[in-house]
Amino acid sequence: MKMRTILLTFLVLLTFLSSSVLAQGYEFRVLANKGENQVKKAGASQAETLKTGATLAKGDQIIAASGAYIGLVHSSGKTTEIRTPGTVKIDDLSAKIAATSSTTASRYTNYIAAKMNESDGGGNYRSNMKATGAVERGLSAIKVMLPNSVDFYGDNAIVRWAPLDMEDVTYIVTIKNIFDEEVAKTETDQTAYELDFTNPKLGQERLVILNVKVKGDEDVKSSDFGIKRLSNTESAKVNENIKGLKSEVNEETPLNKIIYASFFEENNLVLDALTKYEEAIEMSPEVQDFQDMYQSFLVKNGLVATAN
């Protein structure tokens, strides 16, 4: 009799633990969210506000507002976006995701989710200073969002610097090779510059030196920043590592560019990561979560307000 009681107690406990484990499972996680969107949880009588970082399970329904952007990652690692207003059932959304898993993509979406959990408020990347728009006051140095030297894998890189508290500023961006020979020079009123290594003048250079200064007041300048292209051997290693991700993730969505940014960040390719964040923001500038993720990346890598 006593043994029977023990067995029944064990079975009840096992059932409870199994239910708890199942309850922890989810179909999607919200990685980006814009608009007055809501979620109606399975079995709930009323909808609640949808928040970045939230998990969505079977039976849940998303209620997307007009002008919404909702970036979701499936438990398999695949991503999807909602931009059309209306109600979307999680069950229907899951059915559209291919049954095959995305193990490589899942690794980097989990990397993003882990960073969200580390941030204040469960996914709140916001801080008092936005690196993409902070104005530097009373300074004689231009603060470029780069390490002093950086390796680079891709063909195009976006370099950004903090704007100065000056009116009608024109910046001069100069690119030199290791022999101090000028290979490119441009003037811009923007606070960003795109390096194009498919340009024959740059493509033949393994290492280039970038400098930014103010036209007409060239004492206001940055220091020199070295950008080194990976060797063929180094690029081959990255190609091997990124192969699985390319087979699973189509890069041409802002959310997928964030996933690629996480890949490059984990592989210490800061400029490549920065460029992917910039591209994601350019595709969906209205989505604050992307800008906040970018800000978090800049802070983590010491690229905010770096005086050089």
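Residues numbered from 1 in each chain as written. Predicted model: local features only at pLDDT ≥ 70, side-chain atom pairs only at ≥ 80, totals over all residues. Heavy atoms only, no water.

Some thoughts on the overall build of the protein chain
- A count of helical and extended segments in the protein chain gives eight helices and 16 strands.
- When contacts within the protein chain are restricted to residue pairs at least 6 apart in sequence, long-range pairs at least 24 apart make up 62% of them.
- Surface summary for the protein chain: the accessible area is close to 16000 Å², and the carbon and sulfur share equals 49%. (Helix = DSSP H or I, 4+ residues; strand = E, 2+ residues; numbered from the N terminus. Contact = heavy atoms within 4.5 Å. Areas by Shrake-Rupley, 256 points an atom, 1.4 Å probe, with all protein chains shown as cover.)

Looking at the side chain of Arg229
- Mapped onto the fold, Arg229 is located in strand β16 (residues 225-229).
- Judged by its relative accessible area of 14%, Arg229 is buried.
- Of the polar contacts made by the side chain of Arg229, one reaches the backbone oxygen of Gly154; its length is 3.0 Å.
- Ignoring sequence-local partners within four residues, the contact set of Arg229 consists of Phe152, Tyr153, Gly154, Asp155, Phe197, Glu205 and Arg206. (Buried < 20%, exposed > 50% of the residue type's maximum accessible area, 1.4 Å probe, protein only. Polar contact = N/O pair within 3.5 Å; in protein donor to acceptor, adjacent residues only side chain to side chain.)

What about the nonpolar core?
- Judged by nonpolar contacts, the single largest core of 59 residues is most densely connected at Ile142, Ile175, Leu195, Leu210, Ile227, Phe290 and Phe297.
- Ranked by size, the runner-up nonpolar core spans 15 residues in total, among them Ala64, Ala68, Leu72 and Ile97. (Core = buried A, V, L, I, M, F, W, Y, C linked by side-chain atoms within 4.5 Å.)

Things to note about the sheet that holds strand β2 (residues 38-40)
- Taken in spatial order, the four strands line up as β3-β2-β5-β8 in an open sheet, and their pairing is antiparallel. The open sheet has two free edges, formed respectively by β3 (48-49) and β8 (86-89), since each of these has just one partner strand.
- Two elements, strand β5 (residues 61-64) and β8, share four bridges in a ladder whose sense is antiparallel. Paired with Ile63 across the strands is Thr87, a residue of β8. (Pairing = 2+ DSSP bridges.)

Section: the environment of Asn256
- The residue Asn256 is located in helix α6 (residues 254-266) in this model.
- A residue is classified by how much of its surface remains accessible, and Asn256, at 5% relative accessible area, is buried.
- Along the backbone, Asn256 and Thr80 are 176 residues apart, and their C-alpha atoms lie at a distance of 9.1 Å.

Considerations on the packing of aromatic side chains
- Per the stated rule, a full pass over the model turns up eight aromatic pairs.
- Summarising the aromatic geometry, the rings of Tyr69 and Phe290 are spaced 5.6 Å apart at their centres and angled 65° between planes, so their arrangement reads as edge-to-face. One end of the pair, Tyr69, is in strand β6 (residues 69-74); the other, Phe290, is in helix α8 (residues 288-300), with 221 residues separating them in the sequence. Accessibility classification places Tyr69 together with Phe290 in one group, the buried group.
- Each residue in the set Tyr153, Phe263 and Phe264 is aromatic and connected to the rest through ring pairs, giving one cluster.
- Stacked on the ring of Tyr26, the Lys or Arg Arg29 has its end atom at 5.4 Å from the ring centre. (Phe/Tyr/Trp six-rings, centres within 6.5 Å; stacked < 30°, edge-to-face > 60°. Lys NZ or Arg CZ within 6 Å of the ring centre and 35° of its normal.)

Functional significance is not addressed by these values, which are geometric in nature.
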